[in-house]
Amino acid sequence: MGFLALLPALLGALGPILQKVLPDEGQRLQVQLELQKALIEQQDDLGRAMAEVMKADAGSESPLARNARPITVLWALAMITWVGVVAPMLGLQVEVVVALKGVPAELWSLLTVGIGAYMLARSVDKIVPQVLGPKG
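In this text the structure is predicted, and so the values were computed from the model without any measurement.

About the cut-offs
Residues numbered from 1 in each chain as written. Predicted model: local features only at pLDDT ≥ 70, side-chain atom pairs only at ≥ 80, totals over all residues. Heavy atoms only, no water. Helix = DSSP H or I, 4+ residues; strand = E, 2+ residues; numbered from the N terminus. Buried < 20%, exposed > 50% of the residue type's maximum accessible area, 1.4 Å probe, protein only. Lys, Arg positive; Asp, Glu negative; His and termini not counted. Salt bridge = Lys/Arg side-chain N within 4 Å of Asp/Glu carboxyl O. Polar contact = N/O pair within 3.5 Å; in protein donor to acceptor, adjacent residues only side chain to side chain. Contact = heavy atoms within 4.5 Å. Patch = residues over 30% accessible without salt bridge, like charges linked within 9 Å, V, L, I, M, F, W, Y side chains within 5 Å. Areas by Shrake-Rupley, 256 points an atom, 1.4 Å probe, with all protein chains shown as cover. Axes fitted to C-alpha atoms, helices over the stretch in contact; angles between N-to-C directions. Parallel < 35°, antiparallel > 145°, perpendicular 65-115°, else oblique. Nonpolar A, V, L, I, M, F, W, Y, C, P; charged D, E, K, R; others polar. pLDDT = per-residue confidence, 0-100. Expected span 1.5 Å × (residues − 1). Bend = angle between axes of the 7 residues up to and from the residue.

Q: Would you mind going over the side chain of Arg 28 with me for this structure?
A: Counting through the fold element by element, Arg 28 comes out in helix 2 (residues 25-58). For the buried residue Arg 28, which engages in no salt bridge, the nearest side chain bearing the opposite charge is Glu 25, 4.7 Å off. At 2.9 Å, the side chain of Arg 28 and the backbone oxygen of Leu 22 are in polar contact. Contacts of Arg 28, omitting those with residues within four sequence positions, involve Gly 15, Leu 18, Gln 19, Leu 22 and Pro 23.

If you want it as structure tokens, here you go:
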């Protein structure tokens, strides 16, 4: 789930606090809108920084830096194909599930955060400008 998908839940959680601090509904809505805009702009800045890192990696002299993300994506697709298609066809799904349960949770977290950050950076440049509109 991306950060922008969490935004309504975050603002919903802040609603009761803002209601106590700002009883005036107009002021409260204005603060919520400003907070939402600031969070989206911060996400936009983060996405742009991540995109710059990806551009630098892509232009790197190092073959490993240049190819790390494509290799990771291909590895993930191969794993999905193995777990979801090949292993069940060969009757190995139980063994595969047992093996996957043996992977440390920290490694899964590292992998999911890395891939999630990559996907976020690839989509932020397209989504955020549509939400914020043209900068002027």
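Q: Would you mind going over the pattern of salt bridges with me for this structure?
A: Oppositely charged side chains may form a pair once their charged atoms are brought near each other. The final tally for this structure, using the stated rule, is 2 salt bridges. The salt bridge involving Glu 41 is made with Lys 37; its shortest N-O contact spans 4.0 Å. Linking Glu 41 with Lys 37, this pair stays in helix 2, spanning 4 residues, or about one helical turn. Lys 37 gets classed as partly exposed once you look at its relative accessible area, which sits at 48%.

Q: Just checking my understanding: could you explain a nonpolar patch on the surface for this structure?
A: A contiguous nonpolar surface patch, about 480 Å² in accessible area, is contributed by Trp 82, Val 83, Val 85, Met 89 and Leu 90. Inspection of the secondary structure puts Trp 82 in helix 3 (residues 63-90). The class of Trp 82 is partly exposed, set by a relative accessible area of 33%.

Q: Just checking my understanding: could you explain the packing of helix 2 against helix 3 for this structure?
A: Each pair of packed helices gets described by two things: the angle between the helix axes and the distance between those axes. The contact between helix 2 and helix 3 brings their axes to 7 Å, and the two run at 120 degrees. Judged on the interaxial angle alone, helix 3 and helix 2 are oblique. Across from Val 53, Met 54, Asp 57 and Ala 58 in helix 2, the residues of helix 3 making contact are Ala 65, Arg 66 and Arg 69. When its residues are assigned to classes, the contact of helix 2 with helix 3 shows 4 nonpolar, no polar and 3 charged.

Q: How do you make sense of the confidence of the model for the chain when you look at a structure like this?
A: Caution is warranted with low-pLDDT regions, since their predicted coordinates should not be read in detail. Looking at the chain, the pLDDT average stands at 79 and 81% of residues meet or exceed 70. Confidence, expressed as mean pLDDT per element, reaches its minimum in the chain at helix 5 (residues 105-132) with 72 and its maximum at helix 4 (residues 93-101) with 91.

Q: Looking at this model, I keep getting lost on the environment of Val 73. Mind explaining?
A: One can find Val 73 in helix 3. Judged by its relative accessible area of 36%, Val 73 falls in the partly exposed class. As a C-alpha pair, Val 73 and Ile 115 span 42 residues in sequence and 8.1 Å in three-dimensional space.

Q: What is the right way to read helix 3 from this model?
A: Every α-helix carries 3.6 residues per turn, so stepping three or four residues along brings you back to the same face. In this model helix 3 runs just 35 Å from its N-terminal to its C-terminal C-alpha over 28 residues, more than 12% under the 40 Å that 1.5 Å per residue would give. At Trp 82, helix 3 shows its largest kink, close to 45 degrees. Within two residues after helix 3, Gly 91 carries a phi angle of roughly 75 degrees, on the positive side.

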